[in-house]
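Here's the letter readout for the chains.
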Amino acid sequence: MQTNFTAEQLADPHIAEAESILRKCVHCGFCTATCPTYVTLGNELDSPRGRIYLIKDMLENGRAADKEIVTHIDRCLSCLACTTTCPSGVDYMHLVDHARIHIEKTYRRPLVNRLTRGILAMVLPYPGRFRLALKLAGLGRPLAGLFDRVPSLKPFAAMLRLAPASVPAPSPLAQPARHPPLTHRRGRVAILTGCAQPVLDPGINAAAIRLLTRLGVEVVVPQGEGCCGALVHHMGREEQALASARRNVDVWCREIEAGGLDAIIITTSGCGTTIKDYGHMLRLDPAYAEKAAKISALAKDVTEYLASLDLPACEPKGLTVAYHSACSLQHGQKVTMAPKQLLKAAGFTVKDPPEGHLCCGSAGTYNIMQPDISARLKARKVRNIESTKPDLIAAGNIGCMTQIGSATGIPIVHTVELLDWAYGGEKPSALDVR
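Remember, predicted model here, so these are calculated numbers, not experimental data.

1. A look at the overall build of the protein
Working step 1: Within the protein, the regular secondary structure consists of 25 helices and 9 strands.
Working step 2: The globule rule puts the C-alpha radius of gyration for 434 residues at 22 Å, and the 21 Å found for the protein is close to it.
Working step 3: A burial count over the protein gives 55% of its 434 residues as buried.
Working step 4: When the accessible surface of the protein is totalled, it reaches about 18100 Å², and 56% of it is carbon and sulfur.
Working step 5: When the 49 positive and 40 negative side-chain charges of the protein are each reduced to one mean point, those points stand 5 Å apart.

Structural data, given as structure tokens:
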């Protein structure tokens, strides 16, 4: 794609990076075939190619974002299916990240939209606040229908409907601690506790810690670690996201100095994609660039790390698992085979649902901010999963699990919970309903 940025514009490293990305796009349109919003809405401006044109025009002319640009950028799920499809290697992720930062700096959103986004940014990254909000949502759920009648209040209706009927008790394993290996030590890792997942399903990290320690891996839950920054990063709130990244980099660097780390284990793939990008996010910060790159290199999805441990094969379980590959795992991190191979080795029959490349519509806060599009994608995803007639569903991202689980009676569990069970751990509580 031809660009016409001035030398003065290109002196800005962010603009220079955007220009380099834009020049790789050859207008081929392959991305339109795998973009969930284009497939759903059929609007060229709701495809990656269309959004690239909008971003180019906005940045090249040095102008503030307007309502049209914001509408179509907001509809992007950041699922990154387009990057998997693109034959030219267009780095769409960093381009749309830059566009969102520009929007946040130059566009004044309507009052209710600002309020909604502000509430999400102030609540979701903080487990205590999030837990309280979920409990209050139970009281407000009868108001969801009323909120649905006002377009600007639909996100609040979506929040109320997504909130679980009950909030599980916090897990003691989420507290800062060192969990020694139960057999000959073969590694030492830190595990991300995160923000939303320990509130919605504390059993996921508990299963990961149990499994890893049984396999001889020391697991550290570090003091001071918090939200990875993904939620606010995708809102364009870059300073808040970078503050989260710096805090976690400092925490994990201390653990490296204290006893070394073979990996930083992440059980929420949306977080994993962001942490693996810390090196890029902080590349211009002389105090953090090198440290952040080191942390990104150590970040591993839990299935990536487990695949390196050469687990033994188990007897067949007689259960068919539909494996939902979260976009952040298959497109963002390019981890596609490890989860399925681990499940098969653990004795499960694994099926790939049709259209597995298409997003379920969760995408961080997308199912709140874009509830109508999200609902259509959810229905499509659930139909495809149910067509495989599985006994249960496995996934590697809490957002996907919440989204899909709200629309099907088939139990959905985290991949690591099934692996923990297969290798001597507890049966996942979600399977008790069967």
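The rest of the description comes next.
2. Concerning helix α24 (residues 398–405)
For an α-helix the count is 3.6 residues per turn, leaving residues at separations of three or four pointing the same way.
Working step 1: A large share of α24 lies buried, amounting to 6 of its 8 residues.
Working step 2: All of the buried residues along α24 are Ile398, Gly399, Cys400, Met401, Gln403 and Ile404.

3. Re the environment of Asn113
Working step 1: On the secondary structure map, Asn113 appears in helix α8 (residues 111–123).
Working step 2: You can call Asn113 partly exposed: its relative accessible area is 22%.
Working step 3: As for Asn113 and Met369, which are separated by 256 residues in sequence, their C-alpha atoms are 8.7 Å apart.

4. Some points on the sheet that holds strand β6 (residues 320–323)
Working step 1: One open sheet accounts for 4 strands, arranged β7-β6-β8-β9; its pairing is parallel. Of all strands in the sheet, those bounded by a partner on one side alone are β7 (349–351) and β9 (412–414). Put simply, the sheet's adjacent strands are angled 35° from each other on average, direction ignored.
Working step 2: Note that β6 and β7 share 3 bridges and pair parallel. Paired with Ala322 across the bridge in β7 is Lys351.
Working step 3: In the packing of helix α21 (residues 338–345) onto the sheet, contacts are made with β6, β7 and β8 (392–395), and the angle to β6 comes to roughly 175°.

5. Some words on unusual backbone geometry
Working step 1: Not every positive phi belongs to a glycine, and Leu80 is a case in point at roughly 70°.
Working step 2: Considering the arrangement of structural elements, one finds Leu80 in the loop between α5 (67–74) and α6 (81–85).
Working step 3: Within the chain, Lys389 stands out as a residue other than glycine whose phi angle is a positive 50°.
Working step 4: One can find Lys389 in the loop between α23 (371–386) and β8.

6. A word on the pattern of salt bridges
Working step 1: In this structure the tally under the stated criterion is 24 salt bridges.
Working step 2: Arg63 is the salt-bridge partner of Asp57, the closest N and O atoms lying 2.4 Å from each other.
Working step 3: We classify Asp57 as partly exposed; its relative accessible area is 32%.
Working step 4: Owing to a relative accessible area of 27%, Arg63 belongs among the partly exposed residues under this scheme.
Working step 5: Each of Arg178, Arg185, Arg188, Glu218 and Glu255 takes part in one network of salt bridges that share partners.

7. Some thoughts on the side chain of Thr415
Working step 1: Secondary-structure assignment places Thr415 in helix α25 (residues 415–422).
Working step 2: Those residues in contact with Thr415, other than ones at most four positions away along the chain, are Thr303, Tyr323, Pro339, Leu343, Ala394, Ala395 and Gly396.

8. Let's talk about the pairing of β8
Working step 1: In β8, alternate side chains face the same way, and those of Leu392 and Ala394 on one face and Ile393 and Ala395 on the other are all buried.
Working step 2: As judged from the 3 bridges shared by β6 and β8, these two strands associate in the parallel manner. Within β8, the residue paired with Val321 across the bridge is Leu392.
Working step 3: Pairing of β8 with β9 involves 3 bridges; the strand directions are parallel. Note that in β9 the partner of Ala394 across the bridge is Val413.
Working step 4: On the question of chirality, the crossover connecting β8 to the parallel β9 by way of α24 is right-handed.

9. Focus on the nonpolar core
Working step 1: Grouped together as the largest cluster of nonpolar side chains are 52 residues, with contacts concentrated most on Leu212, Leu306, Leu343 and Leu418.
Working step 2: Element by element, the count of residues in this core is highest for helix α13 (residues 203–214), at 6 residues.
Working step 3: Contacts of Leu343, omitting those with residues within four sequence positions, involve Val321, Tyr323, Phe348, Val350, Ala394, Thr415, Leu418 and Leu419.
Working step 4: In terms of nonpolar packing, the next biggest core, distinct from the first, is built from 42 residues, Ala157, Met235, Ala241 and Ile275 among them.

Thresholds, definitions, all that
- Residues numbered from 1 in each chain as written.
- Predicted model: local features only at pLDDT ≥ 70, side-chain atom pairs only at ≥ 80, totals over all residues.
- Heavy atoms only, no water.
- Helix = DSSP H or I, 4+ residues; strand = E, 2+ residues; numbered from the N terminus.
- Rg over C-alpha atoms; globule rule 2.2 N^0.38 Å.
- Buried < 20%, exposed > 50% of the residue type's maximum accessible area, 1.4 Å probe, protein only.
- Areas by Shrake-Rupley, 256 points an atom, 1.4 Å probe, with all protein chains shown as cover.
- Lys, Arg positive; Asp, Glu negative; His and termini not counted.
- Charge placed at Lys NZ, Arg CZ, Asp CG, Glu CD.
- Pairing = 2+ DSSP bridges.
- Axes fitted to C-alpha atoms, helices over the stretch in contact; angles between N-to-C directions.
- Contact = heavy atoms within 4.5 Å.
- Salt bridge = Lys/Arg side-chain N within 4 Å of Asp/Glu carboxyl O.
- Right-handed = clockwise from strand over helix to strand, strands pointing away.
- Core = buried A, V, L, I, M, F, W, Y, C linked by side-chain atoms within 4.5 Å.

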